[in-house]
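Structural description and commentary
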Amino acid sequence: MTPPDFAPLRTERLVLRPLRAEDAAALHRLVNDWEVAKTLARVPFPYPRDLADTWIASTWAQIAAGEAWHLAIVGEENGEEVLVGCVGLTLSRDRSAAELGYWVGRRFWGHGVAPEAAARLCRWALAHLDIATIRASALKDNPRSQAVLRRIGLRPAGEGRRTFLSRGGPMPVLLFEGGREAITGDPVPAPPPAETAAAPADAKPVLLVAAVALVDADGRVLLARRPEGKPLAGLWEFPGGKVQPGETPEAALIRELKEELDIDVSAACLAPFTFASHGYERFHLLMPLYLCRRWNGAVRAVEGQALAWVRPQKLGAYAMPPADKPLVAMLRDFL
Ligand SMILES: Nc1nc2c([nH]c(=O)n2[C@H]2C[C@H](O)[C@@H](COP(=O)(O)OP(=O)(O)OP(=O)(O)O)O2)c(=O)[nH]1
């Protein structure tokens, strides 16, 4: 077997990449340590050396099958690549959620490696997999791991028991979980309100976003997937964006459609259709939705975002921001 094709994920200090056969010795050294093994459910102690080889091969098969992504966390020490730990996500049976796990070698503790690596993998997964939730558990006697999970945005979700090979039986654990809003953030950071003096203390700023349903000759609607790095990454939306100060919604759309899809649209071809008015946690979204059937140029994903031309009846199969739900129902009825 050979390592699977998976483009490494980078953070400021770390690289997450598939394990390699030659990582086995270092992996064995780091994980065959009671302080590490005792926190892991599926790791026996002592950890046999040949289990490292078997485990590495099994991670390749799981990545190739699209079932789990267990990656090496590597850093750099004196110009050399060094294995620091592992981080992984395993899909649930129904593929709607993924379970997060990680460990870091003892000599690398105290540098924030686990939250940096775990947050990176979670952001990748929410942007690229069709999951809505990330779950994790931490031993009740492992406050360090609980802090990592809180730091990346997961929230407590009760208590449970899990069998720990290293401890020889079931142990009490705290459960954590979070969805896109918890991990990739609220859709946008709230802009400062213009008139703070008059606004009540709990008022949310209103954010104006213009969006469009582009409809092709076959009656299909264009959806774009919010790319990794943006809040709500991985959800499908109508193309568009924030209306800048001094811009009309039509001008904002014409600009966004050129920037994101490389097409030219005239204001006359943007027909007002309906609007969304939705309270997010930190702002209130007001989003006019236009219909457009005519444009110049071929639609191209300028920012590398995934695009899909979707029949109106199939729109419900795409995970979209909560604000869009009523719009989808109206489009389905209209088109
Ligand atoms: N374009 C678009 N935005 C939507 C939809 N539904 C929905 O809730 N939104 C929200 C998500 C964001 O909070 C906001 C759009 O902001 P954005 O960050 O994508 O806007 P932008 O393209 O101007 O982004 P940026 O330049 O600031 O990165 O509207 C939708 O269907 N289309």
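Treat the numbers as computed from the prediction; the structure is a model and nothing was measured.

Here is what the cut-offs are and how they apply
- Residues numbered from 1 in each chain as written.
- Predicted model: local features only at pLDDT ≥ 70, side-chain atom pairs only at ≥ 80, totals over all residues.
- Axes fitted to C-alpha atoms, helices over the stretch in contact; angles between N-to-C directions.
- Helix = DSSP H or I, 4+ residues; strand = E, 2+ residues; numbered from the N terminus.
- Parallel < 35°, antiparallel > 145°, perpendicular 65-115°, else oblique.
- Left-handed = near helix turned anticlockwise from the far one by under 90°.
- Contact = placed C-beta atoms within 7 Å.
- Nonpolar A, V, L, I, M, F, W, Y, C, P; charged D, E, K, R; others polar.
- UniProt positions renumbered as here; feature names shortened; annotations may be inferred.
- Core = buried A, V, L, I, M, F, W, Y, C linked by C-beta atoms within 7 Å.
- Buried ≥ 20, exposed ≤ 12 C-beta atoms within 10 Å, placed from the backbone.
- Domains from an automatic or database assignment.
- Pairing = 2+ DSSP bridges.

**Description of the packing of helix 1 (residues 24-31) against helix 3 (residues 49-65)**
The N-to-C vectors of helix 1 and helix 3 enclose an angle of 120°; their axes lie 9 Å apart at closest approach. For the element pair helix 1 / helix 3, the angle class is oblique. Between helix 1 and helix 3 lies a crossing of right-handed hand. Two secondary-structure elements touch here, helix 1 through A24, L27 and H28 and helix 3 through R49, A52, D53 and I56. For the contact of helix 1 with helix 3, the residue count by class is 4 nonpolar, 1 polar and 2 charged.

**What about the environment of P8?**
With respect to the helices, strands and loops of the structure, P8 is situated in the segment before strand 1 (9-10). Counting along the chain gives 25 residues from P8 to D33, while the straight-line C-alpha distance between them is 27 Å. For P8, the residues in contact, after removing those within four places along its chain, are V15, L16 and R17.

**Here we look at the UniProt feature "domain: Nudix hydrolase" (unreviewed entry) in the protein chain**
In the numbering adopted here, UniProt assigns the feature "domain: Nudix hydrolase" (unreviewed entry) to residues 204-335. Between the end C-alpha atoms of residues 204-335 there is a gap of 34 Å, over a span that is 17% helix and 31% strand.

**Things to note about the nonpolar core**
With 84 residues, the main nonpolar core has I73, A117, A118, L121 and V212 as its most contacted residues. If you tally residues by element for this core, the top one is helix 4 (residues 113-128), at 10 residues. Residue assignment places this core across two domains, with domain 1 (9-183) and domain 2 (206-334) each supplying three or more. With residues up to four places along the chain from it excluded, the contact list for L121 reads L9, L16, W69, L71, V87 and L89.

**Structural notes on the sheet that holds strand 14 (residues 284-292)**
Spatially, 4 strands are ordered 12-9-14-13 in an open sheet, and the strand pairing comes out mixed. Looking along the sheet, the strands with just one partner apiece sit at the ends: strand 12 (240-242) and strand 13 (271-279). Across the sheet, the mean angle from the axis of one strand to that of its neighbour is 20°, orientation sign disregarded. Sheet topology note: the strand 9 (residues 206-214)/strand 14 ladder contains 7 bridges and is parallel. Looking at the pairing, L207 lines up with L285 of strand 14. Running at roughly 150° to strand 13, helix 8 (residues 325-334) makes contact with strand 9, strand 13 and strand 14 of the sheet.

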